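Take a look at the letters that make up each chain.
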Amino acid sequence: MKLLDRIDWHTGDFWGPRRPTREARTLLEEFPSLKTLRVTRSWRGKSIVFEARLRDPVAKVAGDPPGRMLDGGGVVFFAPGGYFSDKGLPEVELEGVPNGFDLEPLARLIGAGQKPGALPAPLVGVHFVSPEAGWEGFLADGTFLEWGQLEWTGLKLQRLRQVLDDAGPRLEGTLTADLKHFEDGKILIRSR
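Residues numbered from 1 in each chain as written. Predicted model: local features only at pLDDT ≥ 70, side-chain atom pairs only at ≥ 80, totals over all residues. Heavy atoms only, no water.

What about the overall build of the protein?
Piece 1. Of the regular secondary structure elements, the protein holds four helices and eleven strands.
Piece 2. Against the globule reference of 16 Å for 192 residues, the protein gives a C-alpha radius of gyration of 22 Å, more extended than a compact globule.
Piece 3. Taking all 192 residues of the protein together, the buried fraction comes to 39%.
Piece 4. Relative to all contacts within the protein whose residues are 6 or more apart in sequence, the contacts with residues 24 or more apart total 42%.
Piece 5. Surface accessibility of the protein: about 11,800 Å² in total, with carbon and sulfur atoms responsible for 51%.
Piece 6. Looking at the protein, you have 26 positive and 27 negative side-chain charges, and the mean spots of the two groups are 9 Å apart. (Helix = DSSP H or I, 4+ residues; strand = E, 2+ residues; numbered from the N terminus. Rg over C-alpha atoms; globule rule 2.2 N^0.38 Å. Buried < 20%, exposed > 50% of the residue type's maximum accessible area, 1.4 Å probe, protein only. Contact = heavy atoms within 4.5 Å. Areas by Shrake-Rupley, 256 points an atom, 1.4 Å probe, with all protein chains shown as cover. Lys, Arg positive; Asp, Glu negative; His and termini not counted. Charge placed at Lys NZ, Arg CZ, Asp CG, Glu CD.)

Here's what the structure looks like:
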C-alpha cells in the first residue's frame, strides 16, 4: 500500500511526540484522495495507528488531466487507479469555471439528483455555461436541463419532477426543461 510505503518507519524506530501529527499532515497533502487521516498513539502499547478515510466521489471530472473526481463537499481530487469506480457517476465539465468558484452546491445538486425518484432518469452530465447562465445537465433519457444557478436545488428537483410527470406525457420526443427562472416561479418544458 502506498500510504504505508510513504511512512518512513522501521521496527525499533522512536518517534517523538509530534512526529505522528506531522506525518499525518504530510500524508494528507501527498494523497488528495484522502478525506481524513486520524492518528492515535498509545504510549503504553508503544503503537501509533493511522486511520485513513477516502473521499466519496459524486462525479468524474472531464478533461485533462484525467483521473479527477468531485467529492460530495465540492473538492476536485485525483483518484488513484483501482481505489475508486466511476461507474454510474455523471461527468462534470468544469471548463470556464472561475478560479475559487465554490463547487459544493454543484456536488449537492449531483448528490440530490442521484437519489431514487429525484429525476425521471439518471443524471449523466453537467457542464458550466457561464457565471450568468449557470449550469446545464443531461439525463440518460435525453432530457436536457437548463438548470441555471445552483440555488433552490431541493425545491427545483421536487417541482421539476412534478412538472415532468404532468407535461411529459403530452409532449413528444426528448424534452428540455428550463429552470433558469425558477425564482420567478417558472419552469418551462418543451420538446427538443
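Comments concerning the pattern of salt bridges
Piece 1. Summed over the entire model, instances satisfying the criterion amount to nine salt bridges.
Piece 2. Two residues, Lys180 and Glu146, come together in a salt bridge whose shortest N-O distance is 3.4 Å. Of this pair, Lys180 sits in the loop between strand 10 (175-178) and strand 11 (188-191) while Glu146 sits in strand 9 (residues 144-148), placing them 34 residues apart in sequence.
Piece 3. A salt bridge links Arg170 to Asp166; the nearest nitrogen and oxygen atoms lie 3.0 Å apart.
Piece 4. On the accessibility criterion, Arg170 (60% relative accessible area) is exposed. (Salt bridge = Lys/Arg side-chain N within 4 Å of Asp/Glu carboxyl O.)

Structural notes on the nonpolar core
Piece 1. Of all hydrophobic cores here, the largest spans 32 residues; its most connected members are Leu70, Leu106, Ile110, Trp135 and Leu160.
Piece 2. Counting only elements with at least two residues in this core, the list comes to strand 3 (57-61), helix 3 (104-113), strand 7 (123-130), strand 8 (134-139), strand 9, helix 4 (153-167) and strand 10.
Piece 3. Leaving out residues up to four positions away in the same chain, Leu160 has contacts with Leu119, Leu145, Trp147, Ala177, Leu179, Ile187 and Ile189.
Piece 4. In terms of nonpolar packing, the next biggest core, distinct from the first, is built from seven residues, Ile7, Phe31, Leu34 and Leu37 among them. (Core = buried A, V, L, I, M, F, W, Y, C linked by side-chain atoms within 4.5 Å.)

Some details on unusual backbone geometry
Piece 1. The step from Asp64 to Pro65 runs through a cis peptide bond, and the omega angle for that step is -5 degrees.
Piece 2. Examined against the element boundaries, Pro65 turns out to sit in the loop between strand 3 and strand 4 (68-71).
Piece 3. Here Trp152, not a glycine, exhibits a phi torsion of approximately 60 degrees, which is positive.
Piece 4. The topology assignment puts Trp152 in the loop between strand 9 and helix 4.

Regarding the packing of aromatic side chains
Piece 1. Within this structure, the stated rule accounts for six aromatic pairs.
Piece 2. Seen in terms of ring centroids, Phe138 and Phe144 are 5.2 Å apart; in terms of plane orientation they differ by 45 degrees. Their pairing is tilted.
Piece 3. Taking relative accessible area as the criterion, Phe138 reaches 30% and is therefore assigned partly exposed.
Piece 4. By the ring-pair criterion, three or more aromatic residues cluster together here, those being Phe101, Phe128 and Trp135.
Piece 5. We note Arg41 situated over the ring of Trp43; from NZ or CZ to the ring centre the distance is 3.8 Å. (Phe/Tyr/Trp six-rings, centres within 6.5 Å; stacked < 30°, edge-to-face > 60°. Lys NZ or Arg CZ within 6 Å of the ring centre and 35° of its normal.)

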